[in-house]
Amino acid sequence: MEKKQRVVIIGANEFQLPLIRKASERGFETHVFAWEKGAVGKEEADYFYPVSITEKETILEYCRRIKPEAAATIGSDLAEVTVNYLTNHLGLPGNPPETAVFAVNKYIMRKKLREAGLYTPRFIEAGSFAEAEEKGLGSFPLPFIIKPVDRSGSRGINRIDDYGQAEAAFREACGHSFEKKAIAEEYMEGAEYSCEGISSEGRHYLLQVTKKYTTGSPHFIETAHIEPCGLSGEMLEKVRETVFRVLDALHIRNGASHTELRISGDGEIRLIETGARMGGDCIGSDLVPLTTGYDYVGMVLDTAFGRMPDFTVSPHRAAAGIRFIMNRRDLEYFESLQKKAPEAIVRSFIEERDLSAVPGDSGSRHGFFLIAGDDTEEVRRMIENSGI
Ligand SMILES: Nc1ncnc2c1ncn2[C@@H]1O[C@H](COP(=O)(O)OP(=O)(O)OP(=O)(O)O)[C@@H](O)[C@H]1O
Ligand SMILES: [Mg+2]
């Protein structure tokens, strides 16, 4: 019997399940690394190793014995950094080592984007408010943003509308940062979008653009995402061209990418950040396949094995969206939808916790539901709760 090809998967939580399943479905032998706590993927893995995803040297030691043909993840920046380390040390298909910094550290990312001639807001990095003041924070135009240089999930983000708020915000952002550093950057206006891509040997493909809704200032926690995004064909072309320049600037050559941006009222594209990974919040795992028919998770595996992504299109819907449960009202709305339009609900997940707690970052939202349908306007209304 032919020997199975081996893939190392970093992470085993709810969000990695689609990758573990897809790899098994394709007949690969799965070697999954994660902390035991919350590792729901453990049962479905051929081999499970209870090692934290951040312990990259230990994982590399195991991998030298496993001898995998590929390493992949679809979860987080943290897991992606480990995948990058493994692929580079084992000579497997992936991104070059610097991508693990360029596409994770928000300060270095800004520098790379500026070097590439892309629009960049004014920005500084500092480990304390005093250092930020020395670097000229006092002359920043209001409003501006302060956030950790190396975190995700909207942790420690604040919009500063009054300079008096900056010191506490710096403390908060540095506290959340692994490196204990924060970035202050000019606030950029505009509606928010994310761009879901796949790259193979330096060639980029834009699979879908997603419209994003957030709680807005001060913490900008995502409340919903909708596909298609509603931009004109001309604007989408401009977005595609910009995103590809960003991917080149950050040396993203292989695998998934998720680029977040704003588009101002006069059509200017303002980059927020890019990750060398699929978008979270069920965008990559659910919304993209629902609205394009592409097997995005499968493409992540294709590129991890050094193959061209398979662009076969399966049956799909005209529109899809995800809405997060932020409070009791959202839950009541979801319950009313279950009665009025059960056929539109693809799946849902509600945390069993106190709904009166106000989410302070995306990890403390109370759940979500996914909607799909063939009437784009109706899907939009259902997600926005603007009357169905
Ligand atoms: N310079 C900026 N101008 C305007 N809005 C910004 C800026 N920086 C951040 N934001 C807002 O804050 C949100 C989160 O910022 P960012 O993506 O950098 O942090 P994050 O912790 O990685 O969040 P997530 O993991 O949710 O993407 C953005 O989607 C945007 O709404
Ligand atoms: Mg982000």
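About the thresholds
- For every chain, the first residue of its written sequence is number 1, and the numbers climb from 1 along that sequence.
- For this description, chains carry letters from A and ligands carry numbers from 1, given in the order in which they are written.
- This being a predicted model, a pLDDT of at least 70 is required before a residue's local features are given, and a value of 80 or more before pairs of side-chain atoms are given or counted; all residues contribute to the totals for chains, interfaces and linings.
- Only the stretch in contact is used when fitting a helix axis, every axis being a line fitted to C-alpha atoms; angles between N-to-C directions are given from 0 to 180 degrees.
- The helix and strand labels rest on DSSP assignments: H or I over at least four residues marks a helix, E over at least two residues marks a strand, and numbering proceeds from the N terminus.
- Any angle that falls under 35 degrees is termed roughly parallel, while one over 145 is termed roughly antiparallel, one within 65 to 115 roughly perpendicular, and all others oblique.
- Helix crossings are classified by the rotation of the near helix relative to the far one: an anticlockwise turn of less than a right angle makes the crossing left-handed, while a clockwise turn makes it right-handed.
- Residues are treated as contacting if the C-beta atoms built from their backbones sit within 7 Å of each other.
- DSSP calls a pair of strands paired once it identifies at least 2 bridges connecting them.
- Start and end points for every domain follow an automatic or database-based domain assignment.
- In plain words, the nonpolar core is the set of buried Ala, Val, Leu, Ile, Met, Phe, Trp, Tyr and Cys residues that C-beta atoms within 7 Å link up.
- Residues with at least 20 other C-beta atoms within 10 Å of their own are called buried, those with 12 or fewer are called exposed, and the rest are partly exposed. The C-beta atoms themselves are positioned from the backbone.
- Arc definition: it is the arc formed by the directions from the helix axis to the C-beta atoms.
- Note on definitions: a residue is near a molecule or strand provided its C-beta atom, placed from the backbone, lies within 6 Å of it.
- For this classification, Asp, Glu, Lys and Arg are treated as charged, while Ala, Val, Leu, Ile, Met, Phe, Trp, Tyr, Cys and Pro are nonpolar and the rest, including Gly, are polar.
- Here a helix's expected span is defined as the number of its residues, less one, multiplied by 1.5 Å.

**Digging into the packing of helix α1 (residues 17–25) against helix α10 (residues 296–304)**
Put simply, α1 and α10 touch, their axes get as near as 9 Å, and they point 65° apart. When the axis of α1 is compared with that of α10, the two are roughly perpendicular. Crossing of α1 over α10 shows right-handed handedness. Of the residues in α10, those touching α1 at Pro-18, Leu-19, Lys-22 and Ala-23 are Val-297, Gly-298, Val-300 and Leu-301.

**A closer look at the sheet that holds strand β1 (residues 6–10)**
Each strand in a sheet pairs with another by means of backbone hydrogen bonds, the pair being arranged parallel or else antiparallel. Reading across from one edge, β3-β2-β1-β4 is the order of the four strands in this open sheet, with parallel pairing throughout. Strand pairing shows two members of the sheet lacking a second neighbour, β3 (47–49) and β4 (70–72), which therefore form its edges. Along the sheet, successive strands turn relative to each other by an average axial angle of 20°, direction set aside. Pairing of strand β2 (residues 29–33) with β3, which is carried by three bridges, proceeds in the parallel orientation. Bridge pairing in β3 places His-31 opposite Tyr-47.

**Describing the domain arrangement of the protein chain**
Looking at the assigned domains, one finds that the protein chain contains domain 1 (6–92), domain 2 (122–186) and domain 3 (191–384). Here domain 1 and domain 2 have C-alpha centroids that lie 34 Å from each other.

**Structural notes on the nonpolar core**
Core analysis: the biggest nonpolar cluster contains 84 residues, and Ile-9, Ala-71, Ala-72, Val-300 and Ile-371 have the highest contact counts within it. When we break this core down by domain, the ones giving at least three residues each are domain 1 (6–92) and domain 3 (191–384). Within the second largest apolar cluster, 20 residues are counted, among which are Ala-126, Phe-144, Phe-170 and Ala-182.

**Describing helix α7 (residues 166–176)**
Every buried residue of α7 is listed here: Ala-166, Ala-169, Phe-170, Ala-173 and Cys-174. Burial along α7 is one-sided: seen end-on, the buried residues are contained in an arc of 130°. For α7, the elements touching its buried residues are α6 (129–134), β6 (144–148), β7 (158–160) and β8 (182–186).

**Considering the sheet that holds strand β15 (residues 345–350)**
In space, the eight strands of this open sheet follow the order β13-β12-β9-β10-β11-β14-β16-β15, with antiparallel pairing throughout. With one partner strand each, in any of the chains shown, β13 (269–275) and β15 form the two edges of the open sheet. Geometrically, the sheet is characterised by an average inter-axis angle of 20° between neighbouring strands, direction not taken into account. In the sheet, strand β9 (residues 191–200) pairs with strand β12 (residues 255–263) via nine bridges, with the strands oriented antiparallel. Note that in β12 the partner of Cys-195 across the bridge is Thr-259. Across the sheet, helix α9 (residues 283–292) touches β9, β10 (203–214), β11 (222–227), β12, β14 (319–324), β15 and β16 (367–373), and the angle it forms with β10 is around 105°. Of the strands in this sheet, β9, β10 and β12 touch α10, which is tilted by about 125° from β12.

**Some points on the site of ligand 1**
Around ligand 1 sit 21 residues in total, of which Ile-145, Ser-152, Glu-185, Met-188 and Phe-220 are the nearest. Every element with two or more residues in the shell around ligand 1 is listed here: β6 and β13. Here the residues of the shell around ligand 1 are counted per class, giving seven nonpolar, five polar and nine charged. Split by domain, the shell around ligand 1 shows at least three residues from each of two domains, domain 2 (122–186) and domain 3 (191–384).

**What to know about the packing of helix α2 (residues 56–66) against helix α3 (residues 77–90)**
At a minimum axis distance of 10 Å, the contact between α2 and α3 shows a crossing angle of 45°. On the basis of the axis angle, α2 is oblique to α3. Between α2 and α3 the crossing geometry is right-handed. Note on element contacts: α3 touches α2 through Thr-82, Tyr-85, Leu-86, His-89 and Leu-90, opposite Lys-56, Ile-59, Leu-60 and Cys-63. Within the contact of α2 with α3, the residues separate by chemical class into six nonpolar, two polar and one charged.

**Observations regarding the pairing of β11**
By the criterion of burial, β11 is predominantly enclosed, with six of the six residues buried. Sheet topology note: the β10/β11 ladder contains four bridges and is antiparallel. Residue pairing for β11: Tyr-213 is matched across the bridge by Ala-224.

**Some details on the environment of Ile-160**
Here Ile-160 lies in strand β7. The sequence separation of Ile-160 and Arg-380 amounts to 220 residues, and the corresponding C-alpha distance is 31 Å. For Ile-160, the residues in contact, after removing those within four places along its chain, are Leu-142, Pro-143, Phe-144, Ile-146, Gln-165, Ala-166 and Ala-169.

**Notes on helix α11 (residues 328–340)**
Each α-helix turn comprises 3.6 residues. Residues three or four places apart therefore point the same way. End to end, α11 covers 18 Å across 13 residues, agreeing with the expected 18 Å (1.5 Å per residue, within 8%). Of all 13 residues that make up α11, one are buried, and the element is exposed over most of its length.

**Things to note about unusual backbone geometry**
What is expected of a backbone is that most residues other than glycine have negative phi and most peptide bonds are trans. Of note, the amide linkage connecting Leu-142 to Pro-143 takes the cis form, showing an omega dihedral of -10°. Among the structural elements, Pro-143 can be located in the loop between α6 and β6. The omega angle of the peptide bond from Ser-217 to Pro-218 is 5°, so this bond is cis rather than trans. Looking at where Pro-218 falls in the secondary structure, it is placed in the loop between β10 and β11. Of note in the backbone geometry, Lys-67 takes a positive phi value of approximately 55° without being a glycine.

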